[in-house]
Amino acid sequence: MNGIHCTAVDVWTVAQTCYGEARGGGSPGIYAVAWVIRNRHDYHKRFTGKTLASICRALHQFSCWNLGDPNRDKLRSVSLDDRSFVMCLQAVVEVVGGLVFSPVGRATHYYADTLDTPPAWATGSPVAVIGHHLFFEGIA
């Protein structure tokens, strides 16, 4: 397993995204979301070659960055004083550094099982279920 080239802005933004999407799910959920972002970079034709930060902030891809999402304001004020955010940074460094294996295979998408209706793209069976998130591979 190899690491990927990224900047400090990429690491910080991926950590913010993990914080906004999965901090309530503890370490397993945080690593899973970090791997989805890396998998998009590595395997998804729409995102391959993009920066990790731009993948995270792409329109309507991660709800925590959407206008009106209650997590968005929290992302802008995270700091190293927040233990959950530090856990996110640790996970991101390990994932982008190629130091840990993916618990979600090559999944590039996920959704929370708390949604009333699954997203239209969610076809087939999930490759992993971690916390309240279902993870999917092969989404175009």
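Criteria and thresholds
- Residues numbered from 1 in each chain as written.
- Predicted model: local features only at pLDDT ≥ 70, side-chain atom pairs only at ≥ 80, totals over all residues.
- Heavy atoms only, no water.
- Axes fitted to C-alpha atoms, helices over the stretch in contact; angles between N-to-C directions.
- Helix = DSSP H or I, 4+ residues; strand = E, 2+ residues; numbered from the N terminus.
- Parallel < 35°, antiparallel > 145°, perpendicular 65-115°, else oblique.
- Left-handed = near helix turned anticlockwise from the far one by under 90°.
- Contact = heavy atoms within 4.5 Å.
- Nonpolar A, V, L, I, M, F, W, Y, C, P; charged D, E, K, R; others polar.
- Buried < 20%, exposed > 50% of the residue type's maximum accessible area, 1.4 Å probe, protein only.
- Lys, Arg positive; Asp, Glu negative; His and termini not counted.
- Salt bridge = Lys/Arg side-chain N within 4 Å of Asp/Glu carboxyl O.
- Polar contact = N/O pair within 3.5 Å; in protein donor to acceptor, adjacent residues only side chain to side chain.

Asker: Just to check I follow, could you spell out the packing of helix 2 (residues 26-43) against helix 5 (residues 83-96) for this structure?
Answerer: Packed helix pairs are characterised by how far apart their axes lie and by the angle those axes make with each other. Direction vectors running N to C along helix 2 and helix 5 enclose 45°, while the axes themselves pass 9 Å from each other. Overall, the two elements helix 2 and helix 5 adopt an arrangement that is oblique. Like other packed secondary-structure pairs, helix 2 and helix 5 cross with a definite hand, here right-handed. Together, Gly 26, Ser 27, Ile 30, Tyr 31, Ala 34, Trp 35 and Arg 38 of helix 2 and Met 87, Cys 88, Gln 90, Ala 91, Val 92, Glu 94, Val 95 and Val 96 of helix 5 make up the contact between the two elements. A class-by-class count of the residues in the contact of helix 2 with helix 5 yields ten nonpolar, three polar and two charged.

Asker: Sorry if this is basic, but what is going on with the side chain of Asp 10 here?
Answerer: In this fold, Asp 10 is placed in helix 1 (residues 8-22). Look at Asp 10: it is buried, it has no salt bridge, and the nearest opposite charge is Arg 57 at 8.7 Å. For Asp 10, the side chain forms a polar contact with the main-chain nitrogen of Thr 7, separated by 2.9 Å. Within polar-contact distance, the side chain of Asp 10 engages the backbone nitrogen of Ala 53 at 2.9 Å. Leave out the neighbours within four places in its chain, and Asp 10 touches Thr 51, Leu 52 and Ala 53.

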